[in-house]
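Descriptive structure summary
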Amino acid sequence: MKFAIYIPDNLEGPAPVLYHLSGMSCSEQTFIQKTGYQRWASHYGIIVVSPDVCPRVTYGVEKNEIEAKGLSFYVNAVKKPWNKNYQMYSYVNEELPSIIQENFNINKDRQSIMGHSMGGHGALISALKNPGKYRSVSAFAPVCNPSKSPDIQIIFKCYFGDDEKAIEEWDATCLVTKYKGPELNILIHQGNDDQYKEQLKLQNFASACEKAGIAVSINVEDRFDHGFYFISSFIEQHFHHHSKFLCDS
C-alpha cells in the first residue's frame, strides 16, 4: 500500500489529522492533484492523509473490473481470492493510523475522515462502525446504500457471496439505523447533475438518518456533477466543517 500525506508548514506541536478516501480509478495522488485542498489544510493546521484506494495485487481473474478500477469499497472481503489482500477497512481504520501515529507528529485524539464516491462510502462506514473514533465525517457524492444498487451489488457479491446480511454490515444506510454512539457530525455534498446519483442512493441514507434521529447536513448543488470540479468548489466547506471539531479555534 501507498499513502500520501500533507503536512502544513505552520504547525506547532501535535496536529489533528484528516483521512481522505478516494473513489474508483483513483490513487493516493488524485486528491493531492485535483482538489486544491492544501490551502485549507494549511489555514486550519490539519495534517491530511490519503491512502491508495486498493492493494495493487493481481489475481488474474477474467474480466477483472475490481483490479482495473480499484473497486475495494473499503471493506474486508471474505471470499477468495479477494480476502487475502482486500482488507481495506482494517487498513484504513487500524494499520494506517498506527503507521501515521508512529512516524508523524499528530494528535491521535483528534482525527476525522472524509471521502468521495466509493471513498465517501468508506468514510461513512468507518465512522459508523467505530463510534467516537472520528470527531467528524464528510463525503462528496457518497455511495450510501450499496445493497440496493444493482451495479454495486455485483462487486459486493465478489467479496461476500450471496450473504445479504453480511453485505448490510458494510452498508451505511443499514448501519445508521442501529448506530449507538456520540454525535457523528456528518456533512454531505452531492451534485444535482451527478450522473451516478441513481446508484448513490443518498435519499435512502437521509431517510434512514431521520428515522434513527441522526443529524446530517445534506447539500445538493445545482449544475454540478460527480467530478473534481465539484469537489474543488466545495472543499472549503468540508475543511471548515472538520475544523470545528478538530481545532481549538
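One structure accompanies this document, and this report is about it. (Residues numbered from 1 in each chain as written. Predicted model: local features only at pLDDT ≥ 70, side-chain atom pairs only at ≥ 80, totals over all residues. Heavy atoms only, no water.)

**Overview of the overall build of the protein**
For the protein, the count of helices and strands is 11 helices and seven strands. Taking 2.2 N^0.38 as the reference for a compact globule, 249 residues should give roughly 18 Å; the C-alpha atoms of the protein span a radius of gyration of 17 Å, in line with that estimate. Across its three principal axes, the protein shows a C-alpha extent of roughly 50 × 40 × 35 Å. Among the 249 residues that make up the protein, the fraction classed as buried is 52%. Taking the intrachain contacts of the protein between residues at least 6 apart in sequence as the baseline, contacts between residues at least 24 apart amount to 78%. Of the roughly 11600 Å² of accessible surface on the protein, 45% is carried by carbon and sulfur atoms. (Helix = DSSP H or I, 4+ residues; strand = E, 2+ residues; numbered from the N terminus. Rg over C-alpha atoms; globule rule 2.2 N^0.38 Å. Buried < 20%, exposed > 50% of the residue type's maximum accessible area, 1.4 Å probe, protein only. Contact = heavy atoms within 4.5 Å. Areas by Shrake-Rupley, 256 points an atom, 1.4 Å probe, with all protein chains shown as cover.)

**Observations regarding helix H11 (residues 228-246)**
It helps to recall that an α-helix has 3.6 residues per turn; residues three or four apart then point in one direction. The sharpest bend along H11 measures roughly 50° and falls at Phe234. Taken residue by residue, H11 has Phe230, Ile231, Phe234, Ile235, His238, Phe239, His241, His242, Ser243 and Leu246 as its buried positions. (Bend = angle between axes of the 7 residues up to and from the residue.)

**Some words on the environment of Ile214**
Summarising the element assignment, Ile214 is placed in the loop between helix H10 (202-212) and strand E7 (216-221). Classification of Ile214 as buried rests on a relative accessible area of 15%. Residues Ile214 and Thr177 lie 37 residues apart in sequence; the distance between their C-alpha atoms is 8.8 Å.

**Concerning the pattern of salt bridges**
By the definition in use, this model includes four salt bridges. Among the ionic pairs, Arg56 bridges to Asp52, the shortest N-O distance being 2.8 Å. Salt-bridge contacts for Glu169 lead to Lys178; the nearest nitrogen and oxygen are separated by 2.6 Å. For Glu169, a relative accessible area of 34% gives the class partly exposed. (Salt bridge = Lys/Arg side-chain N within 4 Å of Asp/Glu carboxyl O.)

**So, unusual backbone geometry**
Here the residue pair Lys80 and Pro81 is connected by a cis peptide bond, since its omega of 0° sits within 30 degrees of zero. Inspection of the secondary structure assignment puts Pro81 in the loop between helix H3 (65-69) and helix H4 (88-103). One non-glycine residue, Ser25, adopts positive backbone phi at about 65°. Within the secondary structure, Ser25 is located in the loop between strand E2 (15-21) and helix H1 (30-34). Of note in the backbone geometry, Ser117 takes a positive phi value of approximately 60° without being a glycine. As for its position among the elements, Ser117 is in the loop between strand E4 (106-116) and helix H5 (118-129).

**A short note on H4**
Its maximal kink placed at Leu96, H4 deviates by approximately 30°, while the proline Pro97 follows within four residues. Those residues of H4 lying buried are Met88, Tyr89, Tyr91, Val92, Asn93, Leu96, Pro97 and Ile100. Tucked inside the fold, the buried residues of H4 contact strand E1 (3-6), E2, strand E3 (47-51), E4 and H5.

**What about the packing of aromatic side chains?**
Describing an aromatic ring pair means giving the distance of the ring centres and the angle of the ring planes. The tally for this structure, following the rule as stated, stands at 15 aromatic pairs. Relative to Trp170, the ring of Tyr89 has its centre 5.1 Å away and its plane inclined at 75°; by these criteria the two rings are edge-to-face. Placement of Tyr89 in helix H4 and of Trp170 in the loop between helix H7 (164-168) and helix H8 (172-176) is noted, with a sequence separation of 81 residues between them. With centroids separated by 6.0 Å and ring planes inclined at 50°, the aromatic side chains of Phe224 and Phe230 adopt a geometry described as tilted. (Phe/Tyr/Trp six-rings, centres within 6.5 Å; stacked < 30°, edge-to-face > 60°.)

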